[in-house]
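So the chains spell out like this:
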Number of protein chains: 2
Amino acid sequence: MQRVCFLLKVRQDRLSEYRERHAAVWPEMLAALREAGWRNYSLFCRDDGLLVGYLETQDFAAAKAAMARTDVNARWQAEMAPFFEELDGRPDEGMAPLTELFHLE
Amino acid sequence: MQRVCFLLKVRQDRLSEYRERHAAVWPEMLAALREAGWRNYSLFCRDDGLLVGYLETQDFAAAKAAMARTDVNARWQAEMAPFFEELDGRPDEGMAPLTELFHLE
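## Section: the packing of helix H2 (residues 27-35) of chain B against helix H4 (residues 71-80) of chain B
All names here are of chain B.
Then, number 1: At their nearest, the axes of H2 and H4 sit 9 Å apart, and the two run at 120° to each other. Judged on the interaxial angle alone, H4 and H2 are oblique. Taken as a pair, H2 and H4 cross one another with a handedness that is left-handed. Contacts between H2 and H4 involve Glu28, Met29 and Ala32 on the former and, on the latter, Val72, Asn73 and Trp76.
Then, number 2: When grouped by side-chain class, the residues that make up the contact of H2 with H4 number four nonpolar, one polar and one charged.

What follows is the structure, encoded as structure tokens:
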């Protein structure tokens, strides 16, 4: 099992709307994430819009690829893209994992 | 159960040493964290030294307070303090949690 952490940057002026959207993620999107093996997946934000993602999965590359094959992900990422800074493509393509340097069970 | 995420900043020129130290955390420190209720605790770093902590615990304020009462934590934090930027006191006192805006089990 992999523990994955990634960072993104939400536009500060749209952070409250981003939070509202994530309080009501489409059930079809949640089902697709589960089906693709995303577990214990959280998003945390700092007031300036810095966003931290954490999840557990068997294989993050495979879990991302499985989502990339779904129509619902394409629709969701297209709606989320305008919320982000410093990203050329879709938000999910900017999820570069950080390095885990410590773990305690 | 609370999921907690916090950010710290390690000095980039000391990041490799910080990583080495965290590959060999004192067993007494690990035992103190477990005793204080820190679970599934990971530290992740970005190349520039940005550090993300993630943990699960019943009550983060209580878990921090329980660590603050231990001698081993005082010794560990004193050794870690020079690794950090932009912190007045000990690293563990700068662990301000981010806001969780999304969670999928």
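After presenting the structure, the write-up continues.
## Things to note about the relation of the copies chain A and chain B
Then, number 1: Placing chain A over chain B gives an RMSD of 0.0 Å and needs a rotation angle of 180°, together with 0.0 Å of translation along the axis. The operation mapping one copy onto its partner corresponds to a two-fold rotation axis.
Then, number 2: Of the interface residues in chain A, 100% have counterparts in chain B that sit at the interface too, so the contact is made through matching surfaces.

## Focus on the confidence of the model for chain A
Then, number 1: Looking at chain A as a whole, its pLDDT mean stands at 92, while 92% of the residues score no less than 70.
Then, number 2: For this predicted complex, the interface score ipTM comes out at 0.92, while the overall pTM is 0.93.

## Examining the sheet that holds strand S4 (residues 99-104) of chain B
Then, number 1: Ordered by their spatial adjacency, four strands build an open sheet running S1(A)-S3(A)-S2(A)-S4(B), and the pairing between neighbours is antiparallel. The open sheet is flanked by strand S1 (2-9) of chain A together with S4 of chain B, the only strands paired with a single partner. Within the sheet, the average angular offset between the axes of one strand and its neighbour, ignoring direction, is 15°.
Then, number 2: Judged from the eight bridges that link them, S1(A) and strand S3 (residues 50-57) of chain A form a sheet pairing that is antiparallel. Bridge pairing in S3(A) links Arg3(A) to Glu56(A).

Conventions and cut-offs
- Residues numbered from 1 in each chain as written.
- Chains lettered and ligands numbered in written order.
- Predicted model: local features only at pLDDT ≥ 70, side-chain atom pairs only at ≥ 80, totals over all residues.
- Axes fitted to C-alpha atoms, helices over the stretch in contact; angles between N-to-C directions.
- Helix = DSSP H or I, 4+ residues; strand = E, 2+ residues; numbered from the N terminus.
- Parallel < 35°, antiparallel > 145°, perpendicular 65-115°, else oblique.
- Left-handed = near helix turned anticlockwise from the far one by under 90°.
- Contact = placed C-beta atoms within 7 Å.
- Nonpolar A, V, L, I, M, F, W, Y, C, P; charged D, E, K, R; others polar.
- Least-squares fit on C-alpha atoms with pLDDT ≥ 70 in both.
- pLDDT = per-residue confidence, 0-100.
- Pairing = 2+ DSSP bridges.

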